Amino acid sequence: MKHMNQKKPSNISNISNISNKTESKEGDILSAITNPSELVYEIPVGTIPGMYVPGRFFLSEDLSKTLESGAVRQLAHVATLPGIINYSLAMPDIHWGYGFPIGGVAAFSMDTGVISPGGVGFDINCGVRLISTPLTVSDLNMRQIIDKMYQAIPVGVGAKSPRRLKKDELSEILLSGAAWVINEGYGLPEDGIYCEEKGCMKDARLEHISEKAFARGLNQTGTLGSGNHFMEIQVVSEIFDKEAAQAYGICEGQVCVMIHSGSRGLGHQICTDHIAALEKASKKYKIPLVDRQLACAPIHSPEGEAYYEAMAAASNYAWANRQMMTHLTRSVLADLCDIEYQEMKLVYDVAHNVAKREEHVIHGEQKQVCVHRKGATRAFGPGCPDIPVKYASIGQPVIIPGSMGTSSFLLRGTAYAMEHTFGSTCHGAGRVLSRSQAKKTFTGKEVSNSLLKQGIIVKAPSNDAISEEAPGVYKSASEVVSVVDRLNISCKVASLQPLGVIKG
Amino acid sequence: MPYRELDHTADILLEVTGASIHELFCEAARALMDILYPPRVPSSSVQRSHIVSLPIEVYIDTENEELHGSYALYELLLQAFLSEILFLTETEYLVFSSFDIMVKKSHVSGMGHGVLFDEMVHGGGIGVKGISYSDLAIRKKNDEYILTIIYDI
């Protein structure tokens, strides 16, 4: 334990710079926050009515300046859900979302607990993958690569897949995930091994997926999406843990590719459909809801099982989607940089919006629980059976994107995370400015020019897409990562500096 | 202005106003279109022959619905209506510009009109992933209906 030098809990209500971005009724919730140990903050049971467990979140002093009352309120809301175990948790990139806060983690008892789409989000299995290459910066004509990538990968609203699927093909993807895409020739045979869940949640079923969800999925495999989704060419700028970096096949000066996307319209539709169904189920099972977006049902109820199986299918679609974009990326780099397709290895692919049935030690006993991660990343430590054999002694790779002007990070999961956060860590930098504030503060051209001066080329469908994702709208990813590293819920392995960015 | 963006760190929080519930529904849908497809060409300049129309039918099951607030049913109906618009625009590639709809207690029906998506004209917007129930509220102030709603992006 790096940080747990226990000290007397102190009340932090006098920290005046916590951002009170929601209505005045939220003022009280901030005064309930205590600081039981360094980097650890809590809100006790009773902060709002109906809490079963305390809320616990992790922040440095710097990050506490951007904490929003709305996010703390949402953390408390999660603590009111039946069957929640130990804590309603949030990682250092906590911010105000809907349902769960972004950065939220909660595990639920399989017997008494619930499953909620509000703990996953609309973008089921939004996630990140990292691909290594044998290239160094001097091998790259970055403008040419970004232009070609932009042509190859459909980006933004209205973009269509390079391959329109037939319904039976989509069904196969929903059941088998990345494997179907790889078998079709869009990947390397071993790619599936280097995805969380090996790129396929086996519990996926088609029965509870609507025709609307199918319709949205047919034309979007291999599309990036928009908003904070991106494809980035990066260079490994620093190694913090040589042994882990070596195991992950990463070295300083090496060019890598990071892809951030999710399950696109298909996943969004599944979430929409099942929230409506679970809202009714909440009433049926007499589960009081403090926020309708936390609609839920007992895990083993027909409604809970239906959502879980459909969510698993959407997760599989997301892995297939990122796999297809990996193929397009490899094809462009192989074509332009005189390297072989198979020289570009998938380091790992992580999901950061998902609910999964996992084994954890609960009060000294190994148990299956349902872990929700909404804007949080699995960070399984060494020896966990669910991570690739090659990484067994190191822990799973954890991929944390920065902003388009700041470093991303590769970390490794830890045994400490298994004990204290249900094997979870942060997922990114976390926003501090709304999109409207961003557009008032920055113009797309200014941001592009400023990044160009730093040697970073950005391409996006519009200038607004660039200004809304300006580096200044995000917290410092390095500060967020520093907190999880100090907490030992994941440890820094390498940092990656952006060279070229495609935003959706 | 029928809608304005309020501060929300991760997503888009809107305040929409309308003289009637019907107008509120139409304005919320137009706001959704403006996010997805930032307006570059005035809709009045689109040739009539290019207009495409689609039927819109949305029902919500109000049985066993416990209603917390005067407009709770309309909030549920609006969420369902906007989710349908999102589905239609994404699968039919139709950029809606106007709506001829009737809003009843648990039912919206009518037509949406617009033009087919053209990357050069409509590209560069932000994808909306879903219509959140969180903080969804309709209230009436003086003679005006006011909606707050979060679009997940």
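As shown above, the structure is provided for reference.
Predicted model only: the values in this text are computed from it and were never measured.

Enquirer: Looking at this model, I keep getting lost on the overall build of chain B. Mind explaining?
Expert: In terms of regular secondary structure, chain B is built from three helices and eight strands. Along chain B, from the amino end to the carboxyl end, the secondary structure elements read β-β-α-β-α-β-β-α-β-β-β. Put simply, of all contacts in chain B between residues at least 6 apart along the chain, 65% involve residues at least 24 apart. When the accessible surface of chain B is totalled, it reaches about 6800 Å², and 50% of it is carbon and sulfur.

Enquirer: Explain the packing of helix 5 (residues 167-176) of chain A against helix 10 (residues 302-337) of chain A here, please?
Expert: Packed helices, taken two at a time, are described by their axes: the angle between them and the distance between them. Residues and elements named next belong to chain A. Running from amino to carboxyl end, helix 5 crosses helix 10 at an angle of 100 degrees, the nearest separation of the two axes being 6 Å. In terms of orientation, helix 5 and helix 10 fall into the roughly perpendicular class. From helix 5, Leu170, Ile173, Leu174, Leu175 and Ser176 reach across to helix 10, where they touch Ala313, Asn316, Tyr317 and Ala320.

Enquirer: How should the pattern of salt bridges be read in this particular structure?
Expert: Two side chains of opposite charge can pair, provided their charged atoms sit close to one another. Per the counting criterion, the structure on display carries 33 salt bridges over all chains. One salt-bridge network, held together by shared partners, links Arg431(A), Arg435(A), Lys439(A), Glu468(A), Glu469(A) and Lys503(A).

Enquirer: When you look at the interface of chain A and chain B in this model, what are you seeing that I'm missing?
Expert: You'll often see interface size given as the accessible area lost when the parts meet. With 43 residues of chain A in contact, the opposing surface of chain B contributes 41 residues. Across the chain A to chain B interface the summed buried area is about 3600 Å²; carbon plus sulfur atoms make up 52%. Ranking the residues of chain A by area buried against chain B places Trp96(A), Val157(A) and Arg292(A) at the top, with a combined share of 19%. The tally of links from chain A across to chain B stands at five salt bridges. The shortest N-O distance in the salt bridge between Glu90(B) and Arg216(A) comes to 3.0 Å. Counting across the chain A and chain B interface gives 17 residue pairs in polar contact (both at pLDDT 80 or more). Put simply, the parts of the chain that give the side of chain A that touches chain B at least two residues each are strand 4 (88-98), helix 7 (211-217), helix 9 (264-284) and helix 12 (435-441) of chain A. Among the elements that make up the side of chain A that touches chain B, the one with the highest residue count is helix 9 of chain A (nine residues). Looking at the side of chain A that touches chain B residue by residue, the class counts come to eleven nonpolar, 17 polar and 15 charged.

Enquirer: What is the right way to look at helix 2 (residues 72-92) of chain B in this model?
Expert: An α-helix turns once per 3.6 residues; consequently, residues spaced three or four apart project the same way. Residues and elements named next belong to chain B. For helix 2, spanning 21 residues, the distance from its first C-alpha to its last is 30 Å, which sits close to the expected 30 Å at 1.5 Å a residue. Counting buried positions along helix 2 yields 18 of 21 residues, so the element is predominantly enclosed. Looking one or two places after helix 2, you find Tyr93, whose phi comes out positive at around 55 degrees.

Enquirer: For this particular structure, what's the right way to read unusual backbone geometry?
Expert: Glycine aside, negative phi is the norm for most residues, and most peptide bonds take the trans geometry. All names here are of chain A. Its identity as a non-glycine residue notwithstanding, Asn125 has a phi of 50 degrees, on the positive side. You can call Asn125 buried: its relative accessible area is 0%. For Lys286, which is not a glycine, the phi torsion comes out positive at approximately 55 degrees. Mapped onto the fold, Lys286 is located in the loop between helix 9 and strand 10 (297-298). With a relative accessible area of 71%, Lys286 lands in the exposed category.

Enquirer: What exactly am I supposed to notice about the sheet that holds strand 4 (residues 94-103) of chain B here?
Expert: Two modes of strand pairing occur in sheets, parallel and antiparallel, and in both the strands are linked by backbone hydrogen bonds. Residue and element names in this part refer to chain B. Here we have three strands laid out as an open sheet, ordered 3-5-4, and antiparallel in their pairing. The sheet is open, and its two edges are formed by strand 3 (52-59) and strand 4, each paired on a single side. Put simply, the sheet's adjacent strands are angled 25 degrees from each other on average, direction ignored. Where strand 4 meets strand 5 (residues 107-116), nine bridges bridge the pair, whose relative direction is antiparallel. Each bridged residue has a counterpart across the sheet, and for Leu94 the counterpart in strand 5 is Leu116. Strands strand 4 and strand 5 of the sheet are contacted by helix 1 (residues 21-36), whose axis makes an angle of about 165 degrees with strand 4.

Scoring rules and cut-offs
Residues numbered from 1 in each chain as written. Chains lettered and ligands numbered in written order. Predicted model: local features only at pLDDT ≥ 70, side-chain atom pairs only at ≥ 80, totals over all residues. Heavy atoms only, no water. Helix = DSSP H or I, 4+ residues; strand = E, 2+ residues; numbered from the N terminus. Contact = heavy atoms within 4.5 Å. Areas by Shrake-Rupley, 256 points an atom, 1.4 Å probe, with all protein chains shown as cover. Axes fitted to C-alpha atoms, helices over the stretch in contact; angles between N-to-C directions. Parallel < 35°, antiparallel > 145°, perpendicular 65-115°, else oblique. Salt bridge = Lys/Arg side-chain N within 4 Å of Asp/Glu carboxyl O. Buried area = accessible area lost by both parts, 1.4 Å probe. Polar contact = N/O pair within 3.5 Å; in protein donor to acceptor, adjacent residues only side chain to side chain. Nonpolar A, V, L, I, M, F, W, Y, C, P; charged D, E, K, R; others polar. Expected span 1.5 Å × (residues − 1). Buried < 20%, exposed > 50% of the residue type's maximum accessible area, 1.4 Å probe, protein only. Pairing = 2+ DSSP bridges.

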